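Residue-level structural notes
Listed here are the chains, written in short residue letters.
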Amino acid sequence: MNPNKITTATVKKIVNGGYGLCRAENGKTILVRHCLPGETVKIRIVEQQKNVDYGVAETILVPHASRIAAPCPYYPGCGGCDLQHAGYREQCSLKQDILSDLFDRNQSTSVQELKPLIGAVLPSPLELGYRQRIRLHVGENGIGFNRFRSRDIVPIDHCLLAPETINSALEMVPQMAAFRSLSAITETIDILLNPEDSSLCLLFNVNRKPRPADRQAARALAGGYRAGTRVFLEGRHFSTEGPFVPEPEKSNRLLSMTIPGENPLTLFWEAGGFCQVNTGQNYNLISLVLECCEPSPADRLLDLYCGMGNFALPLAKKAGWVHAVESQGAAIRSGRYNSDFNGLSNIRFEKSDVAEACRKLVGSAERFDTIVCDPPRQGMSDMAPLLARLCRKRVVYVSCDPATLCRDLASLQEQGFTVEKIQPLDMFPQTHHIETVTVLEKNSP
């Protein structure tokens, strides 16, 4: 089969990555974007590999009942979203099916047997306009998102996943002379909304160390757009500079959010630092993790990959002691600031490689009633033996990649943990990405 050849096939199911899985007449697998299960599709093959072809849906010959017209004018050219062609209820159902499929096809029988534990996906409070930040690529033809599996930029002036405050900046800022000056050295720009006061931060990732004229342009951009806007210049080989604002003595690098509840908690993080982009769903995620941990005043907790304390600080409100570990320095600075700001003295933030920190804790014979893990997409390879030695009761694993989750659950089961609950939730509507919270109980003390 040659690239760009047209073929017709029926979509068997949607698999991890958001692809529709089809079979060619010769039995070869075809993965196609923007399809739904059971649809008959005319496919144009765009990439061939040894065991799989990748295709584009040219025509939907027999559509799924839940297929809708995508609301975004840039879809499907833009590579950011891949499920806008499905109604939102169907999107959540698809994500549960994708997760179930991964468990079902896992090489470990013990993981396959966990499939009945997978709960229905908890929907996001907002289907659109939920992102607290977006990252755009800057090129000669404008600013926008990359095409799928390409570095070509699709210029945009509006993103349906962003709130109106970000979209106003996306429309107006590129028209300013100061922005055009900075764009000549910019690779990407992040537009961030501060959840606490709806102010904006603009982070320019530049390809060289800033010069006086660049700093002047950054300051002019902040002063010329809207009150409270802060501009930062960052790059691979120098420390982040900023905020550039008309009155720098009245500004700082922090964004913040308040976690609602009987005893509200305010969390701060540095511009450019990590925070869940879906603020409303993040509140639900925090509540779910607290429910799964069942913290009591007598409990000692360990929070691995803790970031700025998204889970560690709410847990410290209820637990006796929390030890929080993170390798990123800015996140640790924010975590320590947050504990001081909220008057929490029963928490320690440690800057360390997570595996190395766990080895030291094992060496010191430390034990924790509950361990919370929120690793990056690569998961926690080889961490299971350490967790088994550190944990008394349970592990609460927050995963953003279901494939590495399945791998890690197999390892944790081998180390004496039993999976009790698997709860997916939709942190990223309109995309295939899946967040999952899994509770594992220790079989013996």
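That block above? That's the structure.
Summary of the structure given here. Predicted, not measured: the structure shown is a model, and the values here were computed from it.

1. A closer look at the packing of aromatic side chains
- Across all of its chains, the model carries 6 aromatic pairs by this definition.
- Aromatic side chains Tyr19 and Phe148 sit 6.2 Å apart centroid to centroid with 70° between the ring planes, which places their arrangement in the edge-to-face category. Taken together, the residues Tyr19 in strand 3 (residues 19–23) and Phe148 in the loop between strand 8 (142–146) and strand 9 (153–155) connect sequence positions 129 residues apart.
- Aromatic pair Tyr337 and Phe341: ring centres 6.3 Å apart, planes at 20°, arrangement stacked. With Tyr337 and Phe341 both in helix 8 (residues 329–341) and 4 residues apart, this pair spans about one turn of that helix.
- Classification of Tyr337 as partly exposed rests on a relative accessible area of 40%.
- An aromatic cluster is defined as three or more aromatic residues linked by ring pairs; in this entry it consists of Tyr19, Tyr54 and Phe148.

2. Quick word on the pattern of salt bridges
- This model, assessed by the stated rule, comprises 22 salt bridges.
- Between Arg236 and Glu187 there is a salt bridge, and its shortest N-O distance comes to 3.1 Å. One end of the pair, Arg236, is in the loop between strand 12 (230–235) and strand 13 (238–244); the other, Glu187, is in strand 10 (residues 186–193), with 49 residues separating them in the sequence.
- Residue class for Arg236 comes out exposed when judged on its relative accessible area of 64%.
- Exposure remark for Glu187: the relative accessible area of 28% places this residue in the partly exposed category.
- Of the charged contacts, one joins Lys209 and Glu241 as a salt bridge, the two residues approaching to 3.7 Å between their closest N and O atoms. Placement of Lys209 in the loop between strand 11 (200–206) and helix 5 (212–224) and of Glu241 in strand 13 is noted, with a sequence separation of 32 residues between them.
- In this structure Lys209 comes out as exposed when scored by relative accessible area, which is 51%.
- Among the charged side chains, a network of salt bridges with common partners joins Lys13, Asp101 and Arg105.

3. Things to note about the side chain of Lys95
- Relative to the helices and strands, Lys95 resides in helix 1 (residues 88–104).
- If we skip the residues at most four places from it in the chain, Lys95 touches Leu83, Val121, Asp426, Phe428, Pro429, Thr431, His432, His433 and Ile434.

4. Focus on the pairing of strand 19 (residues 368–373)
- Strand 19 sits mainly inside the fold: 6 of its 6 residues count as buried.
- Across 5 bridges, the pairing between strand 19 and strand 20 (residues 391–399) is parallel. Within strand 20, the residue paired with Cys373 across the bridge is Tyr397.
- The parallel pair strand 19 and strand 20, bridged by helix 10 (residues 384–390), forms a crossover whose chirality is right-handed.

5. Quick notes on the sheet that holds strand 17 (residues 321–326)
- Taken together, the 7 strands give an open sheet; going across it, the order is 18-17-16-19-20-22-21, and neighbouring strands pair in mixed fashion. The open sheet is flanked by strand 18 (347–351) and strand 21 (417–425), the only strands paired with a single partner. Between one strand axis and the next, the sheet turns by 15° as a mean value, whatever way the strands run.
- Across the sheet, helix 8 is in contact with strand 17 and strand 18; its angle to strand 18 comes to roughly 165°.

6. A closer look at the environment of Phe311
- With respect to the helices and strands, Phe311 occurs in the loop between strand 16 (300–304) and helix 7 (312–316).
- Residues in contact with Phe311, not counting those within four places in the same chain, are Leu285, Ile286, Val289, Asp303, Val372, Asp374 and Val398.

The rules behind each value
- Residues numbered from 1 in each chain as written.
- Predicted model: local features only at pLDDT ≥ 70, side-chain atom pairs only at ≥ 80, totals over all residues.
- Heavy atoms only, no water.
- Phe/Tyr/Trp six-rings, centres within 6.5 Å; stacked < 30°, edge-to-face > 60°.
- Helix = DSSP H or I, 4+ residues; strand = E, 2+ residues; numbered from the N terminus.
- Buried < 20%, exposed > 50% of the residue type's maximum accessible area, 1.4 Å probe, protein only.
- Salt bridge = Lys/Arg side-chain N within 4 Å of Asp/Glu carboxyl O.
- Contact = heavy atoms within 4.5 Å.
- Pairing = 2+ DSSP bridges.
- Right-handed = clockwise from strand over helix to strand, strands pointing away.
- Axes fitted to C-alpha atoms, helices over the stretch in contact; angles between N-to-C directions.

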